[in-house]
Amino acid sequence: MKQLSKKILFLSHQADFIYGGEICTLAFMRELKERVVEVHFASPPGPYFERAKEFAICHEISSQQFSRHVHLLPRLLPALVKTHKELRRIVK
């Protein structure tokens, strides 16, 4: 019987800063890598993306923070569709 390898994907819509949550996630990535888990990370380029390269196979995606303001939805919808397509490609 074929044994499945362990893989995990972290996704971030931002890459411009590294604060508490990002520091915790990087530490978790490091621990998973030490446990021989195949770690993947997807985000736009930036400092967070660069640090994640130490612990993960990184995939650059275009992503934007999506607002709750309905009047902005038509402008953000193409970005959401593009991000979704890129994530589908990474997961496959």
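Reading the values: the criteria
- Residues numbered from 1 in each chain as written.
- Predicted model: local features only at pLDDT ≥ 70, side-chain atom pairs only at ≥ 80, totals over all residues.
- Heavy atoms only, no water.
- Core = buried A, V, L, I, M, F, W, Y, C linked by side-chain atoms within 4.5 Å.
- Buried < 20%, exposed > 50% of the residue type's maximum accessible area, 1.4 Å probe, protein only.
- Helix = DSSP H or I, 4+ residues; strand = E, 2+ residues; numbered from the N terminus.
- Contact = heavy atoms within 4.5 Å.
- Salt bridge = Lys/Arg side-chain N within 4 Å of Asp/Glu carboxyl O.
- Polar contact = N/O pair within 3.5 Å; in protein donor to acceptor, adjacent residues only side chain to side chain.
- Pairing = 2+ DSSP bridges.
- Right-handed = clockwise from strand over helix to strand, strands pointing away.
- pLDDT = per-residue confidence, 0-100.
- Patch = residues over 30% accessible without salt bridge, like charges linked within 9 Å, V, L, I, M, F, W, Y side chains within 5 Å.
- Areas by Shrake-Rupley, 256 points an atom, 1.4 Å probe, with all protein chains shown as cover.

**A short note on the nonpolar core**
Counting residues in hydrophobic clusters, the biggest one holds 13 residues, and the most contacted among them are Phe10, Leu26, Met29, Val39 and Phe41. Looking at this core, the elements that each hand over two or more residues are helix 1 (20-34), strand 2 (38-43) and helix 2 (47-52). Discounting residues that sit within four places of it in the chain, Phe10 has contacts with Thr25, Phe28, Met29, Leu32, Val39, His40, Phe41 and Ala42.

**So, the pattern of salt bridges**
Counted by the stated rule, this structure contains 3 salt bridges. Note that Arg35 is salt-bridged to Glu31, the shortest N-O span being 3.0 Å.

**Concerning the side chain of Ser12**
When you line up the elements, Ser12 lands in the loop between strand 1 (7-11) and helix 1. The exposure class assigned to Ser12 is buried, which follows from its relative accessible area of 9%. Polar side-chain contacts of Ser12 include one of 2.7 Å to the backbone oxygen of Gln14. Contact partners of Ser12, with chain neighbours within four places excluded, come to Phe41, Ala42, Ser43, Pro44 and Tyr48.

**Thoughts on the pairing of strand 3 (residues 57-60)**
Pairing analysis gives 4 bridges linking strand 2 to strand 3, with the strands arranged parallel. Bridge pairing in strand 3 links Phe41 to Cys58. Remark: the strand 2/helix 2/strand 3 crossover connection has right-handed handedness.

**Quick notes on the confidence of the model for the protein chain**
It should be kept in mind that the predicted coordinates are not to be read in detail where pLDDT is low. Here the protein chain averages 85 in pLDDT, while 86% of its residues score no lower than 70. Per-residue pLDDT, averaged within each element of the protein chain, yields its smallest value for helix 3 (residues 73-91) (81) and its largest for helix 2 (96).

**Some words on a nonpolar patch on the surface**
Taken together, the side chains of Leu77, Leu80 and Val81 make up a nonpolar region of the molecular surface, amounting to roughly 230 Å² of accessible area. Within the fold, Val81 resides in helix 3.

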